[in-house]
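So the chains spell out like this:
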Amino acid sequence: MIRAIVFDMDGVIIDSHPVHRRAWRKFLATVGVSVSDDELDFILEGRRREEILRHFLGDLPFSIIEAYGRQKDQFFEERFTEIKLIPGVRELLKSLGDEGIGAAIATSASSSRTRETLSRLNLDGNFTAVVTGDDVTAGKPDPEVYLLASKRLCLGPNELLVIEDAPCGVLAATTAGMRCIGVSKNGRAEALRRCGAQFVIPDFVGLKIADLLQARNTIQGQLL
């Protein structure tokens with residue numbers, strides 16, 4: 001029985017990927033690195049900030065990672081007003097609360113950005129547990145972030161349903177022993193299914209809690 005739903009944040013709760021792409025491109029340009037659109041896809045895979053920086057810039061000391069991370073977050077902050085909620089998510093979270101079903105966040109984003117984002121969008125009161133990239137030593141597809149969410153919720157993996165938008169996030173969830181569904185409007189539905197998503201939806205508009213809790217293989221009008 002599903003007793004709580006664990007959400008990734010970027011691409012699942014909030015439509016933030018376009019802002020992230022622009023912020024990372026602007027930051028990388030300040031350190032003399034030019035990247036293509038395809039190369040920037042790496043940032044959408046649920047990676048921790050440390051992993052992204054080392055991917056593009058090589059092995060860096062922690063002090064530099066911290067400084068660069070703050071600089072990138074500043075560029076992200078400059079365009080925060082462009083961030084929108086994924087359609088239907090606020091209504092879904094309210095429904096979960098009304099039904100007594102738990103909700104948590106498990107994201108690779110930093111603690112400061114996660115909590116600031118949730119607060120500014122008036123979502124922070126919807127989650128009983130928040131796990132961020134600062135809380136784990138290994139990023140997705142390692143299952144650590146989801147196992148920690150399970151521990152903080154005091155629920156077993158079989159009692160949790162994960163909602164993810166990245167293949168490596170789906171792998172992290174399924175490796176942790178959790179069922180997972182995908183959210184995608186960018187043509188990655190098949191990749192999410194190959195990694196273990198039971199089905200893929202474009203957003204949460206009209207989504208019924210019963211469909212989520214049963215993790216059924218069909219959702220009328222929304223299956224991708």
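Here the structure is a predicted model, which means the values were calculated and not measured.

Reading the values: the criteria
Residues numbered from 1 in each chain as written. Predicted model: local features only at pLDDT ≥ 70, side-chain atom pairs only at ≥ 80, totals over all residues. Heavy atoms only, no water. pLDDT = per-residue confidence, 0-100. Helix = DSSP H or I, 4+ residues; strand = E, 2+ residues; numbered from the N terminus. Contact = heavy atoms within 4.5 Å. Buried < 20%, exposed > 50% of the residue type's maximum accessible area, 1.4 Å probe, protein only. Pairing = 2+ DSSP bridges. Right-handed = clockwise from strand over helix to strand, strands pointing away. Axes fitted to C-alpha atoms, helices over the stretch in contact; angles between N-to-C directions. Parallel < 35°, antiparallel > 145°, perpendicular 65-115°, else oblique. Nonpolar A, V, L, I, M, F, W, Y, C, P; charged D, E, K, R; others polar. Left-handed = near helix turned anticlockwise from the far one by under 90°. Phe/Tyr/Trp six-rings, centres within 6.5 Å; stacked < 30°, edge-to-face > 60°. Core = buried A, V, L, I, M, F, W, Y, C linked by side-chain atoms within 4.5 Å.

A. Molecular detail of the confidence of the model for the protein chain. Averaged over all residues, the pLDDT of the protein chain equals 90, while 95% of them reach at least 70. No element of the protein chain has a lower mean pLDDT than helix 10 (residues 209-214), at 75, and none a higher one than helix 7 (residues 144-153), at 98. Across residues 216-224, where pLDDT falls below 50, the model places 26 contacts with residues more than four positions away in sequence or in other chains.

B. Molecular detail of the pairing of strand 6 (residues 160-164). Within strand 6, five of the five residues are buried, leaving the element largely enclosed by the surrounding structure. Residues Leu160, Val162 and Glu164 point to one face of strand 6 and Leu161 and Ile163 to the other, with burial holding for every one of them. As judged from the four bridges shared by strand 1 (residues 4-7) and strand 6, these two strands associate in the parallel manner. Its bridge partner being in strand 6, Ala4 is matched across the sheet by Leu160. Regarding the hand of the β-α-β motif, the stretch spanning strand 6, helix 8 (residues 167-175) and strand 7 (residues 179-183) is right-handed.

C. Highlighting the packing of helix 3 (residues 49-57) against helix 4 (residues 62-78). Helix 4 packs onto helix 3 with a crossing angle of 100 degrees between their chain directions and a minimal axis gap of 10 Å. When the axes of helix 3 and helix 4 are compared, the pair comes out roughly perpendicular. Of the residues in helix 4, those touching helix 3 at Arg49, Glu50, Leu53, Arg54 and Leu57 are Ile65, Glu66, Tyr68, Gly69, Arg70 and Asp73. Looking at side-chain class alone, the contact of helix 3 with helix 4 contains four nonpolar, one polar and six charged residues.

D. Just the packing of helix 1 (residues 17-30) against helix 3, in detail. Their axes nearest at 12 Å, the elements helix 1 and helix 3 cross at an angle of 45 degrees. Put simply, helix 1 runs oblique to helix 3. Of the two elements, helix 1 crosses helix 3, and the hand of that crossing is right-handed. Counting all contacts with helix 1, which are made through Trp24, Phe27 and Leu28, the residues of helix 3 involved are Arg49, Ile52, Leu53, Phe56 and Leu57. Here the contact of helix 1 with helix 3 is composed, by residue class, of seven nonpolar, no polar and one charged.

E. Just the packing of aromatic side chains, in detail. With the rule as written, the count across this model stands at six aromatic pairs. Between the aromatic rings of Phe7 and Phe204, the centroid separation amounts to 6.3 Å while the plane-to-plane angle is 75 degrees, which identifies the pairing as edge-to-face. With Phe7 in strand 1 and Phe204 in the loop between strand 8 (200-201) and helix 10, this residue pair connects regions lying 197 residues apart in the sequence. The burial state of Phe7 is the same as that of Phe204; both residues are buried. With a centroid separation of 6.4 Å and 75 degrees between ring planes, the pair formed by Phe76 and Phe80 is classed as edge-to-face.

F. Structural context of the environment of Leu93. Mapped onto the secondary structure, Leu93 falls in helix 5 (residues 89-99). Assessed through its relative accessible area of 4%, Leu93 is described here as buried. As for Leu93 and Ile13, which are separated by 80 residues in sequence, their C-alpha atoms are 9.9 Å apart. When neighbours within four sequence positions are excluded, Leu93 is seen to be in contact with Phe7, Ala103, Leu123, Asn126 and Phe127.

G. Representation of the sheet that holds strand 4 (residues 102-106) within the structure. Spatially, 5-4-1-6-7-8 is the arrangement adopted by the six strands of the open sheet, whose pairing is parallel. Because the sheet does not close on itself, it has two edges, and the strands there are strand 5 (129-131) and strand 8. Sheet topology note: the strand 1/strand 4 ladder contains four bridges and is parallel. Bridge assignment links Ile5 to a residue of strand 4, and that residue is Ala103. With respect to the sheet, helix 5 is in contact with strand 1 and strand 4, its orientation differing from that of strand 1 by roughly 150 degrees.

H. Looking closely at the nonpolar core. Residues Phe7, Ile13, Leu96, Phe127, Ile163 and Phe204 are the most contacted members of the largest nonpolar core, which totals 50 residues. In terms of residue count, the dominant contributor to this core is helix 1 (five residues). Residues in contact with Phe127, not counting those within four places in the same chain, are Phe7, Ile13, Leu93, Ala103, Ala104, Ile105 and Leu118. Listed in part, the 26 residues of the second largest apolar core include Leu148, Ala149, Leu153 and Cys195.

I. Fine view of the environment of Ala138. With respect to the helices and strands, the residue Ala138 is situated in the loop between strand 5 and helix 7. What makes Ala138 partly exposed here is its relative accessible area of 23%. Between the alpha carbons of Ala138 and Arg47 there is a distance of 9.3 Å; along the sequence they are 91 residues apart. Excluding residues within four positions of it along the chain, Ala138 makes contact with Arg48 and Glu144.

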